[in-house]
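Geometric and topological summary
Chain residues, written in single-letter form:
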Amino acid sequence: MEDNEGDVVLTLQALKKANISNGVDVVTDGEQALLYLRKKGKYATAETPDLILLDINLPKVDGMEVLEEVKNDETLKIIPVVILTTSDSENDILKSYNNHANCYITKPVDFRKFMEVVQMIKEFWITIVKLPTH
């Protein structure tokens, strides 16, 4: 869930280069994210994601509120949420973990370093970790 179109393109390119074959769906604001996750409106047939990459700086409903909603929902709370954001604020980091984020990653601005981060996310969350089936 990312609102910056440039970051969306960058992330999708990095995921493609990392050979992540899983389906990737993008929503650009927190309101759409919650509709998607709850399968409402145009998202009625959406797949439940295995992993959520969440920016905390989203319009309409901010990412921190999306995180709170996800982790307070009996159906959604088992989905791992990786905060992937430009903020390196100690307050944002603490608040994310207090709201049960599974990890917090500050996005590097350098594409090569960003690729390394995406590769690590892939290795850990897609290759190593056992996730429940929905």
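Structure's up top.
Below: a short report on this structure.

Calculation notes
- Residues numbered from 1 in each chain as written.
- Predicted model: local features only at pLDDT ≥ 70, side-chain atom pairs only at ≥ 80, totals over all residues.
- Heavy atoms only, no water.
- Axes fitted to C-alpha atoms, helices over the stretch in contact; angles between N-to-C directions.
- Helix = DSSP H or I, 4+ residues; strand = E, 2+ residues; numbered from the N terminus.
- Parallel < 35°, antiparallel > 145°, perpendicular 65-115°, else oblique.
- Left-handed = near helix turned anticlockwise from the far one by under 90°.
- Contact = heavy atoms within 4.5 Å.
- Polar contact = N/O pair within 3.5 Å; in protein donor to acceptor, adjacent residues only side chain to side chain.
- Core = buried A, V, L, I, M, F, W, Y, C linked by side-chain atoms within 4.5 Å.
- Buried < 20%, exposed > 50% of the residue type's maximum accessible area, 1.4 Å probe, protein only.
- Phe/Tyr/Trp six-rings, centres within 6.5 Å; stacked < 30°, edge-to-face > 60°.
- Expected span 1.5 Å × (residues − 1).
- Salt bridge = Lys/Arg side-chain N within 4 Å of Asp/Glu carboxyl O.

1. Some thoughts on the packing of helix 2 (residues 30–37) against helix 3 (residues 63–71)
Two elements in contact, helix 2 and helix 3, have axes separated by 9 Å at closest approach and are oriented at 20°. Between helix 2 and helix 3, the angle is such that the two are roughly parallel. Along this stretch, helix 2 crosses helix 3, giving a crossing that reads as right-handed. Residue-level inspection shows Gly30, Ala33, Leu34 and Leu37 of helix 2 in contact with helix 3, the latter providing Val66, Glu69 and Val70.

2. Considering the environment of Asn57
One can find Asn57 in the loop between strand 1 (52–54) and helix 3. Between the C-alpha atoms of Asn57 and Thr86, which are 29 residues apart in sequence, the distance is 8.5 Å. Here Thr85 takes part through its side chain, which lies 3.4 Å from a polar atom of the side chain of Asn57.

3. Details of the nonpolar core
Side chains of a nonpolar character, in soluble globular proteins, are inclined to be buried together. Among the nonpolar cores identified, the biggest contains 22 residues, and Ile52, Leu54, Val66, Leu67, Val70, Val81 and Ile83 are the most heavily contacted of them. When contributions to this core are tallied by element, the ones reaching two or more residues are helix 2, strand 1, helix 3 and strand 2 (81–85). Grouped together as the second largest cluster of nonpolar side chains are 11 residues, Ala14, Val82, Cys103 and Trp125 included.

4. Here we look at the packing of aromatic side chains
Applying the stated criterion to the full structure yields 2 aromatic pairs. Note on Tyr36 and Tyr43: the rings are 5.4 Å apart at their centroids and 70° apart in plane angle, and the pair reads as edge-to-face. Classification of Tyr43 as buried rests on a relative accessible area of 15%. A centroid spacing of 5.0 Å and a plane angle of 90° characterise the contact between Phe124 and Trp125, whose relative ring orientation is edge-to-face. Assessed through its relative accessible area of 11%, Trp125 is described here as buried.

5. Regarding the side chain of Gln32
As for its placement among the helices and strands, Gln32 is situated in helix 2. Aside from chain neighbours lying at most four places away, what touches Gln32 is Val27, Lys42 and Tyr43.

6. Focus: helix 5 (residues 111–128)
With 18 residues, helix 5 should reach 26 Å at 1.5 Å per residue; the first-to-last C-alpha distance of 24 Å fits that figure. Every buried residue belonging to helix 5 is among Phe114, Met115, Val117, Val118, Ile121, Lys122 and Trp125, and all of these are buried. Among the residues of helix 5, the N-terminal cap falls to Asp110, whose side-chain oxygen and the backbone nitrogen of Arg112 are separated by 3.3 Å.

7. Focus on the pattern of salt bridges
This structure, assessed with the given rule, holds 6 salt bridges. Connected via shared salt-bridge partners are Asp29, Glu31 and Lys60.

8. Section: unusual backbone geometry
Although it is not a glycine, Lys60 sits at a positive phi angle of roughly 70°. Relative to the helices and strands, Lys60 is located in the loop between strand 1 and helix 3. By relative accessible area, Lys60 is classed as exposed at 62%. The phi angle at His100 is positive, at roughly 70°, despite the residue not being glycine. With respect to the helices and strands, the residue His100 is situated in the loop between helix 4 (90–98) and strand 3 (103–106). Overall, His100 belongs to the exposed group, its relative accessible area being 52%.

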